[in-house]
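# Topology and contacts: notes
Next come the chains, spelled out residue by residue.
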Amino acid sequence: MATTDTAVDYYRVLGVNRDAPQDEIQRAYRKLARRSHPDVDRSPGAEERFKQITEAYHVLSDPERRRRYDRFGSDWRHVPDESVRAAAPAADVDLDDLFASLFGGRAGRAGPVAGADTEAELNLSVEDAFHGGRRRVTLPGRALDVTIPAGVVDGQRIRLAGQGSSGTPPGDLYLVVRLDPHPRYRVQGRDLVADLAVAPWDAALGASVPLDTPNGRVRVGVPPGTSSGRRLRLAGQGLPNPRGNPGDLYAVVSVTVPRPATDEERTLWRRLAELHA
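Heads up: these notes are all about the structure in this document. Owing to the predicted nature of the structure, the values given are computational and were not obtained by experimental measurement.

Strand pairing in a sheet takes place through backbone hydrogen bonds and is either antiparallel or parallel in direction. The strand order across the open sheet formed by 4 strands is β6-β7-β11-β10, and the pairing between neighbours is mixed. Two strands lie at the open edges of the sheet, namely β6 (185-188) and β10 (231-234), each paired on one side alone. Along the sheet, successive strands turn relative to each other by an average axial angle of 30°, direction set aside. In this sheet, strand β7 (residues 191-198) lies alongside β6 in antiparallel orientation, the contact comprising 4 bridges. Across the sheet, Arg-186 pairs through a bridge with Val-193, a residue of β7.

Moving on to the side chain of Asp-180. Among the secondary structure elements, Asp-180 is positioned in the loop between β5 (173-179) and β6. Put simply, Asp-180 is tucked away with no salt bridge, and the nearest opposite charge, on Arg-135, sits 6.5 Å away. Contacts of Asp-180, omitting those with residues within four sequence positions, involve Thr-54, His-58, Asn-123, Leu-124, Ser-125 and Val-126.

To continue, consider the sheet that holds strand β4 (residues 157-160). Read from one edge to the other, the open sheet built from 3 strands follows the order β1-β5-β4, with strand pairing classed as mixed. Each edge of the sheet is formed by a strand with only one pairing partner; in this case those strands are β1 (118-124) and β4. Averaged over neighbouring strand pairs, the angle between their axes works out to 30° when direction is ignored. The pairing of β4 with β5 spans 4 bridges and is antiparallel. If you follow Arg-157 over to β5, its bridge partner there is Val-176.

Look at helix α3 (residues 46-60) against helix α4 (residues 63-72): their axes get within 6 Å of each other, and the N-to-C directions meet at 105°. Here α4 runs roughly perpendicular to α3, going by the angle between their axes. For the pair α3 and α4, the contacting residues are His-58, Val-59 and Leu-60 in the first and Arg-65, Arg-66 and Tyr-69 in the second. Looking at the contact of α3 with α4, its residues break down into 3 nonpolar, 1 polar and 2 charged.

A separate point is the pattern of salt bridges. For the coordinates displayed, the defined rule picks out 16 salt bridges. Salt-bridge contacts for Asp-70 lead to Arg-18; the nearest nitrogen and oxygen are separated by 3.5 Å. In this pair, Asp-70 sits in helix α4 while Arg-18 sits in the loop between α1 (10-14) and α2 (22-36), placing the two residues 52 residues apart along the sequence. We classify Asp-70 as partly exposed; its relative accessible area is 22%. The class for Arg-18 is partly exposed, based on a relative accessible area of 38%. With a shortest N-O distance of 3.7 Å, Arg-135 and Asp-128 are connected by a salt bridge. One connected set of salt bridges, linked through shared partners, spans Asp-62, Arg-65, Glu-121, Asp-154 and Arg-178.

Its place among the elements puts Tyr-11 in helix α1. Discounting residues that sit within four places of it in the chain, Tyr-11 has contacts with Val-16, Asn-17, Arg-18, Leu-60, Arg-66, Tyr-69 and Asp-70.

All right, on to α2 then. Here α2 is 15 residues long and its end C-alpha atoms lie 21 Å apart, about the 21 Å a rise of 1.5 Å per residue gives. Those residues of α2 that sit buried are Ile-25, Ala-28, Tyr-29, Leu-32, Ala-33 and Ser-36. Buried positions in α2, seen along its axis, are confined to an arc of 125° and lie on one side of it. Seen from the open side of α2, the exposed residues pointing more than 90 degrees away from its buried face are Arg-27, Lys-31 and Arg-34. Close packing links the buried residues of α2 with α1, α3 and α4.

With that out of the way, let us pick up the environment of Arg-233. Tracing the sequence through the fold places Arg-233 in strand β10. Under the relative-accessibility criterion, Arg-233 is labelled exposed at 52%. In this structure, the C-alpha to C-alpha distance between Arg-233 and Tyr-250, residues 17 residues apart in sequence, is 4.6 Å. Not counting residues up to four positions away in its chain, the partners in contact with Arg-233 are Asp-248, Leu-249 and Tyr-250. A polar contact of 2.8 Å, which involves the side chain of Arg-233, links it to the side chain of Asp-248.

Definitions and limits used
- Residues numbered from 1 in each chain as written.
- Predicted model: local features only at pLDDT ≥ 70, side-chain atom pairs only at ≥ 80, totals over all residues.
- Heavy atoms only, no water.
- Pairing = 2+ DSSP bridges.
- Helix = DSSP H or I, 4+ residues; strand = E, 2+ residues; numbered from the N terminus.
- Axes fitted to C-alpha atoms, helices over the stretch in contact; angles between N-to-C directions.
- Buried < 20%, exposed > 50% of the residue type's maximum accessible area, 1.4 Å probe, protein only.
- Lys, Arg positive; Asp, Glu negative; His and termini not counted.
- Salt bridge = Lys/Arg side-chain N within 4 Å of Asp/Glu carboxyl O.
- Contact = heavy atoms within 4.5 Å.
- Parallel < 35°, antiparallel > 145°, perpendicular 65-115°, else oblique.
- Nonpolar A, V, L, I, M, F, W, Y, C, P; charged D, E, K, R; others polar.
- Expected span 1.5 Å × (residues − 1).
- Arc of directions from axis to C-beta.
- Polar contact = N/O pair within 3.5 Å; in protein donor to acceptor, adjacent residues only side chain to side chain.

The analysis is restricted to geometry; functional conclusions fall outside its scope.
In C-alpha cells form, the structure reads like this:
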C-alpha cells in the first residue's frame, strides 16, 4: 500500500497530480524554478522553497526514485531498490557447511567478517560541482564532513574508505553524485549550456554581451548578423577536470525583440522594415 510523506508532498510542491507524466513534471519544475529562484524571488523563504522544488523534481523525474517515493513516502531513501523478496521454500541446512561457505571455516571457528560497501546519493548544485569544497553529508544516524573535488560530474562516485558497514575491515561508503536541475545551466557531461539574451541591434551589429557563469560574469562576443539558436563556444568555461581538459560553456543566442514604446521607436522600426523590403 502506498504511503504518504507527512513532511513534504513532492506532487503538491510541483502542483501536479500523482499520475502526472514526466513531461508535465518537467514543465511544472521549469516554470516554478524560473519564478522561485532566489535571484528572482527576494521574498523571505525563497531559497528554501527553491530547494524544495528542486528536491521534488529530483525525485519525481526519475522513474525508480518516484516508484519508491510513491510506495514508501519520506522513507524512500532508506529502502533498497529490491525492498521485497519472495520467501524461499524452507530446506534442511547443515549449519557447519553454511558457516564454512560463508566464513571459510567450521561453525564456532569463523574468521573475521569484512564489512559491506554501502552507497548513498549526494545532491549537488552546478556551482557546488564546479567549485568543490567541504560539505556536510547527513546519513541515517550520523553526519560526515566530505571533501568534494572540483569538477565532479553526475554519476561520479566519491569513495570514503572505512565508512561503510562495520566489520573487519569495515566496508567503504560510495557517494554517488547527482547534479540538481538548474534554472540557468543545462549540463552535458562536463559541458554547460546557457541561454544568452541578445537585443536585435546587438545581434545585427555585433556586441559584447554579459553572461553569468559558475565562475563569475564574463562577456561573450556576439558576431554581426547573429540569429537566435546560434551556439557560441566559451572554451574551458565548463566543469573543471582534474585529470584533463575542462568542459566548455555554450551560450545559445536568443534574440529578444522589445515592444516599441514610443512613436519614435515605431518610426525607426518601420524605417528599418522599409530598408529591408
